[in-house]
Amino acid sequence: MAAGTPRVFVSHLAGVPVFDPNGDQVGRVRDLVAMLRVGGKPPRLLGMVVEVVSRRRIFVPMTRVTGVESGQVITTGVVNMRRFEQRPTERLVLGEFLDRRVRLMETDEEVTVLDVAIQQLPARRDWEIDKFFVRKGRGGALRRKGETLTVEWSAISGFSLEEHGQGAENLVATFERLRPTDVANALHHLTPKRRAEVAAALDDDRLADVLEELPGDDQVEILGKLAEDRAADVLEAMDPDDAADLLSELPEADKERLLALMRPDDAADVRRLLSYEERTAGGLMTTEPIILRPDATVADALARVRQQDLSPALAAQVYVCRSPDETPTGKYLGTVHFQRLLRDPPFTLVSSIVDSDLVPLPPETPLPEVTSYLAAYNLVSVPVVDESGSLLGAVTVDDVLDHLLPEDWRETDFQGEEGIAGGR
């Protein structure tokens, strides 16, 4: 950004793509790194935390940034691909400045930081924090109508000490356009204190989606810091198989206490999943696939497939069963794949196009056999049926991958990603 151009507010940079000079995308901005300075000087902006394609977070110095345009950041293309590690003297602008409560020097009035502006210094490549956009009054979801104003760095105090009880509304707002897996990755890199604050600010459904994408240790930590009633609500909002996986990591007493607080129907599904060995079809399956009765039509099936909250793997096929049509169902009749639904007229009965050739798996099928079955028949989901012929659930390929990959796969860089030297 050339000298004299307008300041940039950091909330507008969250998630924007970063490109090299050739127009190839390097990654996306996840945060900015600043260093506090003595003598009342504004914090100097050191660089950006950029998430590259492998979900590794790297540090891009501001000296490598050649342009901050509308909706994009341009770099020189010479970056160090080493994983970013925050140093004790560094502060994350999005993660630590937004929602922080500080005081106006002139009136000693408490204000909440809503946004932070940065600007490049004239005739230099250095950047610094320029101004703060704040709201008067104590922060919180129920107090959003206070007067807002933009102030200089020198007009506020309160950044020298760790903030206690920091809100998270504005940081959560920067996550709204991100996928749950990206929000989970952002949470994973926050401090435990900040992670708990952000989790508390997310609504139950959003937090449930994010928890499903987090490593087990983070899941247990976050759930343990929620009030028990809310923890039960979040578990109800999770997919039953993911909720069962999470509860299996808890001490028996905690697990039973949370199950008792859940709605009986939801708790029953989770208890059933917990009764199976973890690395079997029963332990891997979800109890909520798309189930239709034989007299349903193709139009009915497509309407169910269109549901926005379905994963692509679950939406790829419907399972035809006799009543009852919730797991465990009546007799399982077969599967209708999504492509077949697209080829037949809307009024066609699903019972007339059902695929009954593939033998479903029993719940005790071990993980290697489930994997081989999916690979052999090029499937993304497989039905699980008990001895009486009732459908118990379905195992999807994403759940199989979660159990095949190393436990720390979220922390593992993809091979073949090379960086050009250029240290911090």
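Structural data are supplied above this passage.
Please read these numbers as outputs of a predicted model, since none were measured by experiment. (Residues numbered from 1 in each chain as written. Predicted model: local features only at pLDDT ≥ 70, side-chain atom pairs only at ≥ 80, totals over all residues. Heavy atoms only, no water.)

Chemist: I would appreciate a short explanation of the sheet that holds strand S14 (residues 291-292) in the present structure.
Modeler: Strand order in the open sheet formed by three strands is S14-S15-S16, and the pairing between neighbours is mixed. The sheet is open, and its two borders are formed by S14 and strand S16 (332-337), each paired with just one other strand. Pairing of strand S15 (residues 317-321) with S16 involves five bridges; the strand directions are antiparallel. Opposite Val318, over in S16, you have Val336 as the bridge partner. (Pairing = 2+ DSSP bridges. Helix = DSSP H or I, 4+ residues; strand = E, 2+ residues; numbered from the N terminus.)

Chemist: Would you mind going over the pattern of salt bridges with me for this structure?
Modeler: Two side chains carrying opposite charge are able to pair once their charged atoms lie near each other. Applying the stated criterion to the full structure yields 22 salt bridges. Among the ionic pairs, Glu109 bridges to Lys136, the shortest N-O distance being 3.7 Å. Taken together, the residues Glu109 in the loop between strand S9 (101-104) and strand S10 (110-120) and Lys136 in strand S11 (residues 127-136) connect sequence positions 27 residues apart. Across the pair Glu197 and Arg194 runs a salt bridge whose closest N-O atoms are separated by 3.2 Å. A residue pair is termed a helical-turn pair when its members lie 3 or 4 positions apart in one helix, as Glu197 and Arg194 do in helix H4 (residues 192-201) at three residues. Per residue, the accessibility class of Glu197 equals that of Arg194, and both read buried. (Salt bridge = Lys/Arg side-chain N within 4 Å of Asp/Glu carboxyl O. Buried < 20%, exposed > 50% of the residue type's maximum accessible area, 1.4 Å probe, protein only.)

Chemist: Mind showing me how you'd approach a negative patch on the surface here?
Modeler: The grouping of Asp203, Asp205, Asp209, Asp239, Asp265, Glu288, Asp309, Glu326, Asp398 and Asp402 at the surface amounts to a negative patch. On the secondary structure map, Asp398 appears in helix H16 (residues 397-404). Among the residues examined, Asp398 registers a relative accessible area of 35% and is labelled partly exposed. (Patch = residues over 30% accessible without salt bridge, like charges linked within 9 Å, V, L, I, M, F, W, Y side chains within 5 Å. Areas by Shrake-Rupley, 256 points an atom, 1.4 Å probe, with all protein chains shown as cover. Lys, Arg positive; Asp, Glu negative; His and termini not counted. Charge placed at Lys NZ, Arg CZ, Asp CG, Glu CD.)

Chemist: Please clarify how unusual backbone geometry should be interpreted in this entry.
Modeler: Among all residues except glycine, the phi angle is most often negative; among peptide bonds, the trans geometry is most common. Pro324 follows Ser323 through a cis peptide bond whose omega is 5°. Following Thr327, the chain continues into Pro328 via a peptide bond in cis, with omega recorded as -10°. Mapped onto the elements, Pro328 comes out in the loop between S15 and S16. The backbone of Asp108 sits at a positive phi, close to 60°, despite the residue not being glycine. Positionally, Asp108 belongs in the loop between S9 and S10. Positive phi outside glycine occurs at Asn378, with the angle close to 55°. Examined against the element boundaries, Asn378 turns out to sit in the loop between helix H15 (367-376) and strand S17 (381-385).

Chemist: Quick question: what am I supposed to make of the pairing of strand S4 (residues 44-52) here?
Modeler: Consecutive side chains along a regular strand alternate between the two faces of the sheet. The buried count for S4 comes to eight of nine residues, which makes it a mostly enclosed element. Two elements, strand S3 (residues 25-35) and S4, share eight bridges in a ladder whose sense is antiparallel. Paired with Val33 across the two strands is Gly47, which belongs to S4. Relative to S11, S4 is paired through two bridges, and the arrangement is antiparallel. Considered in S11, the bridge of Leu45 is made with Trp127. In the sheet, S4 pairs with strand S5 (residues 57-61) via five bridges, with the strands oriented antiparallel.

Chemist: Just to check I follow, could you spell out helix H5 (residues 204-211) for this structure?
Modeler: Because an α-helix packs 3.6 residues into every turn, residues spaced three or four apart end up facing the same way. The set of residues buried in H5 consists of Arg206, Leu207, Ala208, Val210 and Leu211. N-cap assignment for H5: the residue whose side-chain oxygen lies 3.2 Å from the backbone N of Asp205 is Asp203. (Polar contact = N/O pair within 3.5 Å; in protein donor to acceptor, adjacent residues only side chain to side chain.)

Chemist: Help me understand the pairing of strand S7 (residues 72-75), please; the structure alone is not making it clear to me.
Modeler: Residues of S7 alternate between two faces, with Val73 and Thr75 buried on one and Gln72 and Ile74 left unburied on the opposite face. Pairing of strand S2 (residues 17-19) with S7, which is carried by two bridges, proceeds in the parallel orientation. The residue of S7 that forms the bridge with Val18 is Val73. In this sheet, S7 lies alongside strand S6 (residues 65-69) in antiparallel orientation, the contact comprising four bridges. Bridging from a neighbouring strand, Gly67 pairs with Ile74 of S7. Count of turn residues in the S6/S7 antiparallel hairpin: two residues, of which Gly71 carries a positive phi of about 75°.

Chemist: I keep staring at empty space enclosed by the protein and nothing clicks. Help me out?
Modeler: Rolled over the atoms, a probe with the dimensions of a water molecule shows which regions are left empty. The tally for this structure, following the rule as stated, stands at two cavities of 30 Å³ or more. Quantified by volume, the largest cavity comes out at close to 80 Å³. Lining the largest cavity are Tyr319, Tyr332, Thr335, His337, Asp355, Leu358, Tyr373, Leu379, Ser381 and Pro383. Secondary-structure elements contributing two or more residues to the lining of the largest cavity are S16 and S17. Broken down by class, the residue content of the lining of the largest cavity amounts to six nonpolar, three polar and one charged. (1 Å grid on protein atoms, 1.4 Å probe; cavity = no way out; pocket = protein on both sides within 12 Å on 5 of 7 lines; lining within 4 Å. Points joined across faces, edges and corners; volume = space filled by probe spheres on them. Nonpolar A, V, L, I, M, F, W, Y, C, P; charged D, E, K, R; others polar.)

Geometric values such as these leave the question of function open.
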